[in-house]
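Residue-level listing of the chains:
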Amino acid sequence: MGTEDLTQILLQHPFIQGLGEDHLKTLIGCAKNVRFQEGEYVIREGEAASKFFLIRTGRVALEVEVSGHGGLRIQTSGPGEVLGWSWLIAPYRWHYSGVAVADTRAISLDGECLRKKCEADSSFGYEMLKRLAEVMERRVEATRMQLIDMYGLTTTGGHK
Amino acid sequence: MTLRSASPADVDAVDPMITNPVPIRRVVWENDDTFTLTLDIRDALPAFSFLPGQFNMLYVYGMGEVAISISSDPGKKGTIDHTIHRVGSLTTALAHMKRGDMIGVRGPFGSSWPVNVARGKDVIIASGGIGLAPLRPVVYSILRARKDYGRVIVLYGGRSALDLLFRVELEEWGNNHEVETLVTVDRGDSSWKGHIGVVTGLLSYIKLDARNTVAYVCGPEIMMRFTADELEARDIPVESIYLSMERNMKCAIGFCGHCQMGPTFICKDGPVYQLPQIRPLLDKKEL
């Protein structure tokens, strides 16, 4: 796939929207089009977090291994979402596994390549950080709501 | 005996405090702690009709009453469904009932989902947990006049796959392509291939014609608050967002004050409100 095609695909992803032309060129150098079949592991807990993924189609479930319970699935990432930020934060290891629960297409971005570019170009680095911070904020908010266990809070007499 | 549409003469004839004995035709367990009672109203309430979102007071003889939304198709005659979460002594007593047992019914009460305002528009039906039950009549109403509406999107969140209500219908609605159905759970295991996460997250998978969309939202109050915020952030006009509130209802006609929430009585003015009517009260402590 040519750089031009990849650019067009990248531009359709919400994570990239509004990114300046120069920054997009910087990003393209670290990007690759990838595909996962249902059941295939995209990332594995404990392994080096050398990439992150912009999901185009399909769905990836974050999974944590709990002794005696197998893999518990705690969150899914779908079209238009981002999978993984451990590539940016030392010690650059995945804390969860990610398994494709449907055939999935994504853009893979090389974390090591991006870290170097972020260090070398602080404007690019800040742009990446801002966008990832937004992803993190949404994830933290969603996790808090899951922690509330709101469906267990319905305590009145059954109306609704 | 729909109070909302009754003439003054009819109101005189029907005392909203009188309960009517009705037999149970069927009990279906939706999950471990939620069940649907189908009531046979052919003899006891032959003229009964209701609007989507309205509720009845169900009376367990010798124990008391509980407010339960009607969860069946408003166009279906002869029976009505109530989907009930077993959480206290009264709902536990209802859970122990079987076909042929009698309960008391009075109603219907309260405001309704304004389904007609969505004609010609896209519709989002966002629900969490047992909140799908009062919205099920909306889906049925729309399906009866499907061509009059644009896209119909049902978003539904539950604690786990085993806790989801109306699983067969959700699948049918999704399969017949008349309704776009997105379901998410808070926790999944390796057998669950669907979405995992909060119901608001499902909105990111939908491209909306926001100014031409009406949203009906029902679920735990915190879920409704976050969902309303998210819908508004996606440019859906606030006056096109409707929520259904829940409080402890006793008389159901605005006399006793048990369900008072600030200046409003949920049983009489609600349970369905347009977002601007209820928003100032959503964040208030002790209400």
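All values derive from a computational prediction rather than experimental measurement.

**Student:** Teacher, can you tell me more about the domain arrangement of chain B here?
**Tutor:** All names here are of chain B. Under the domain assignment, chain B is made up of domain 1 (3-109) and domain 2 (115-282). Inter-centroid distance (C-alpha atoms) of domain 1 to domain 2 is 22 Å. If you look at the interface, domain 1 gives 20 residues, while domain 2 gives 21 residues. Of all the secondary-structure elements, those providing two or more residues to the side of domain 1 that touches domain 2 are β1 (20-31), β3 (55-60), β4 (64-69), β5 (79-85) and β6 (102-109). Here the residues of the side of domain 1 that touches domain 2 are counted per class, giving eight nonpolar, 10 polar and two charged.

**Student:** Explain the pairing of strand β4 (residues 70-77) of chain A here, please?
**Tutor:** Each regular strand displays side chains that alternate between the two surfaces of the sheet. Residue and element names in this part refer to chain A. Sheet analysis places strand β3 (residues 51-66) next to β4, joined by seven bridges and oriented antiparallel. By the bridge assignment, Val66 is partnered in β4 with Gly70. Turn length for the β3-β4 hairpin, with the two strands adjacent in sequence and antiparallel, is three residues, and the turn residue Gly68 shows positive phi of about 85 degrees.

**Student:** Where do I start with the confidence of the model for chain A in this structure?
**Tutor:** A low pLDDT means the predicted coordinates there should not be read in detail. The predicted model of chain A has a mean per-residue pLDDT of 89, with 92% of residues at 70 or higher. pLDDT under 50 marks residues 155-160 of chain A. Its contacts with residues more than four places away, or in other chains, come to 29 contacts.

**Student:** Looking at this model, I keep getting lost on the sheet that holds strand β11 (residues 213-218) of chain B. Mind explaining?
**Tutor:** Residue and element names in this part refer to chain B. An order of β10-β9-β8-β7-β11-β12-β15 is seen for the seven strands of this open sheet, with the pairing classed as mixed. Every other strand in the sheet has two partners, leaving β10 (195-196) and β15 (272-274) as the edge strands with one partner each. Across three bridges, the pairing between strand β12 (residues 241-244) and β15 is antiparallel. Residue pairing in the sheet places Tyr242 in a bridge with Gln274 of β15. Along the sheet face, helix α3 (residues 132-144) touches β7 (122-128), β8 (152-158), β11 and β12 and points at about 155 degrees away from the line of β7.

**Student:** Even after reading the chapter, I still don't get the sheet that holds β1 of chain B, so can you show me in this structure?
**Tutor:** Sheet strands associate in pairs through backbone hydrogen bonding, adopting either a parallel or an antiparallel arrangement. Residue and element names in this part refer to chain B. Judged by pairing direction, the sheet is antiparallel, and its six strands sit side by side in the order β4-β3-β6-β1-β2-β5 without closing on themselves. Each having just a single partner strand, β4 and β5 make up the two edges of the open sheet. Each adjacent strand pair in this sheet contributes to an overall mean axis angle of 40 degrees, direction not counted. Of the pairings in the sheet, the one linking strand β2 (residues 34-40) to β5 comprises seven bridges and is antiparallel in character. Note that in β5 the partner of Leu37 across the bridge is His82.

**Student:** So what exactly am I meant to see when it comes to the confidence of the model for chain B here?
**Tutor:** On average, residues of chain B score 90 in pLDDT, and 94% of them are at 70 or above. Note on residues 1-12 of chain B: pLDDT under 50 across the span, and 12 contacts to partners over four residues away in sequence or across chains.

**Student:** What's the story with the interface of chain B and chain A in this structure? I'm lost.
**Tutor:** A common way to express how large an interface is: the accessible area buried when the components associate. On the side of chain A, 29 residues touch chain B, which itself brings 43 residues to the contact. Those elements that place two or more of their residues in the side of chain B that touches chain A are β4, β5, α2 (89-95), α3, β10 and α5 (221-233) of chain B. When residues of the side of chain B that touches chain A are assigned to their parent elements, the largest contribution, four residues, is made by β4 of chain B. Residues that form the side of chain B that touches chain A fall into these classes: 20 nonpolar, 16 polar and seven charged.

Definitions and limits used
Throughout this description, residue numbers start from 1 for each chain and increase along the sequence as written. All chains are assigned letters beginning with A, and all ligands numbers beginning with 1, in the order in which they are written. In keeping with the predicted nature of the model, local features appear solely for residues at pLDDT of at least 70, side-chain atom pairs appear and are counted solely at 80 or more, and the whole-chain, interface and lining totals rest on all residues. For the domain bounds, the source is a domain assignment made automatically or taken from a database. Contact between two residues is assigned when their C-beta atoms, built from the backbone, lie within 7 Å. Counting from the N terminus, the helices are DSSP H or I runs at least four residues long and the strands are E runs at least two residues long. Classification convention: Asp, Glu, Lys, Arg as charged; Ala, Val, Leu, Ile, Met, Phe, Trp, Tyr, Cys, Pro as nonpolar; all other residues, Gly among them, as polar. Two strands qualify as a pair provided DSSP detects at least 2 bridges between them. You can read pLDDT as the predictor saying how much it trusts each residue, on a scale of 0 to 100. Every angle, taken between N-to-C directions, lies between 0 and 180 degrees, and every axis is a line fitted to C-alpha atoms, over only the stretch in contact when it is a helix.

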